[in-house]
Amino acid sequence: MNLITDPRGLILICAAATVFSGALIGFFRAKLSALRRERSVVEDDVAKESRLLHQEIAFYEEKRAGLSKRGGQRRLLSEAARGLGSLLDPSAVQERLIKIAQLLFPSQSVTISYGQKPDAVDSYVVERRQPLLVPSDVMKGVPQMAVPITAQQAVVGVLRVGGSGPGPAAGYAREDLRLLEILASLASLAMDNCALFHQVQQTALRDHLTGLLTHRAFQDQLEQSILEASRYNQPLSIVLVDVDHFKSINDTHGHQAGDLVLQGLAHVMDRSVRPVDIIARYGGEEFAVLLLQTPHRAAASVAEQIRRDLAEQTFDAGGKAIRITASFGVATFPEDATSGQQLFRQADQRLYKAKAAGRNQVQMRAA
Ligand code: GH3
Ligand code: MG
Ligand code: MG
């Protein structure tokens, strides 16, 4: 049979061609789907890799942010240490402390409490002298931190962060509390500094025997008070006091007994004036009283009262009963003088007059 000329041959050829092409198509289809499968596996691997890579990047990004935040916090703390250490006034320390805490914990409420009405958080921190971290699931869901601030071992305040407003969603971390503790320690050191500075200043301003102001401190106070009196158009008087024949007290009873008498005298004077008035020991047995807003006559009456009290007093100096008298000179701003120095000189001249006129008396301006 001729395949080309015979129709059966043609049918056979067509059938063979159909089978062959079908097999070819099947082969390529299988190849294609195998290729597709391979591609999707590769795609899955790439997606997985990329996911892992993103996670890794996010992890390092978070670490970097954490490190730079901590770096910033550390810088703030070292600046705080320098700034706080140079302050000499407790209220300035408190002000600066609040500012630094606000920088460390932005948009959080920052307060220094512990006054008349301590709440539960204050009481805990003050009584235990320990920091407190309140998590977000107690105290009405408002997280907060509180640390004690001390001055010479005594708790003088509680630094608090949070407690009002939403606060951070996850609450505060131990690290946050640690940071606040470091800041509170720096503030406590600054408070100690202030207290020491105040003590040194007081020692320089106060006479060690009587605890009264020294001559220098009195002069400063007098000039300052004259400025104020002049601004508000008010009178101001000074009284100078000198113990009569004090040398003979020392000679008769000894120097130590003399010291006790001087202390007793300071006490009598303190008792006779108002708390706003200022007393100084400006020489050995010489004292000065600054009477604010006091006209001349009223000042002379105060001097007279002190003179009488002194004359009636018996001082006990180690078992020895000692009586003394003193002489007084009174001068008043603005009638007698317009500067502290002139006023002092005028009062001194009247005191001299009191001595010359027989002692144990008050000399004032002639009427
Ligand atoms: P007058 O009435 O003239 O003021 O006589 P007076 O003896 O008080 O004055 P004078 O200036 O002659 O002597 C003052 C005395 O005060 C001499 C000095 O030894 C004594 N004195 C000064 N400072 C102190 C002190 O701190 N303690 C004692 N115990 N005596 C002192
Ligand atoms: Mg004297
Ligand atoms: Mg004297």
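Definitions and cut-offs
Residues numbered from 1 in each chain as written. Chains lettered and ligands numbered in written order. Predicted model: local features only at pLDDT ≥ 70, side-chain atom pairs only at ≥ 80, totals over all residues. Heavy atoms only, no water. Donors = N, O, S within 2.8 Å, 3.2 Å for Na, K, Ca; no water. Helix = DSSP H or I, 4+ residues; strand = E, 2+ residues; numbered from the N terminus. Buried < 20%, exposed > 50% of the residue type's maximum accessible area, 1.4 Å probe, protein only. Pairing = 2+ DSSP bridges. Axes fitted to C-alpha atoms, helices over the stretch in contact; angles between N-to-C directions. Contact = heavy atoms within 4.5 Å.

### As for the coordination of the magnesium ion (ligand 2)
(1) Moving on: Distances from the magnesium ion (ligand 2) to its protein donors, namely D242 (OD), E285 (OE) and E286 (OE), fall within the range 2.2 to 2.4 Å.
(2) Moving on: Taken as an interatomic distance, the gap from the magnesium ion (ligand 2) to the magnesium ion (ligand 3) is 3.5 Å; D242 donates to each of them. With a gap of 43 residues between them, D242 in strand 5 (residues 236-243) and E285 in the loop between strand 6 (278-281) and strand 7 (286-292) connect regions that are remote in the sequence.
(3) Moving on: Assessed through its relative accessible area of 11%, D242 is described here as buried.
(4) Moving on: For E285, a relative accessible area of 18% translates into the label buried.

### Considering the sheet that holds strand 4 (residues 154-162)
(1) Moving on: Across the sheet, four strands lie side by side as 1-4-3-2; this open sheet has antiparallel pairing. Here the strands that pair on one side only, and so sit at the sheet edges, are strand 1 (110-113) and strand 2 (132-134). Each adjacent strand pair in this sheet contributes to an overall mean axis angle of 20°, direction not counted.
(2) Moving on: Pairing geometry for strand 1 and strand 4, over four bridges, is antiparallel. The residue of strand 4 that forms the bridge with I112 is L159.
(3) Moving on: Relative to strand 1, helix 2 (residues 90-104) is tilted by about 145°, and along the sheet it contacts strand 1, strand 3 (144-151) and strand 4.
(4) Moving on: Relative to the sheet, helix 4 (residues 174-205) contacts strand 2, strand 3 and strand 4, its axis offset from that of strand 3 by approximately 20°.

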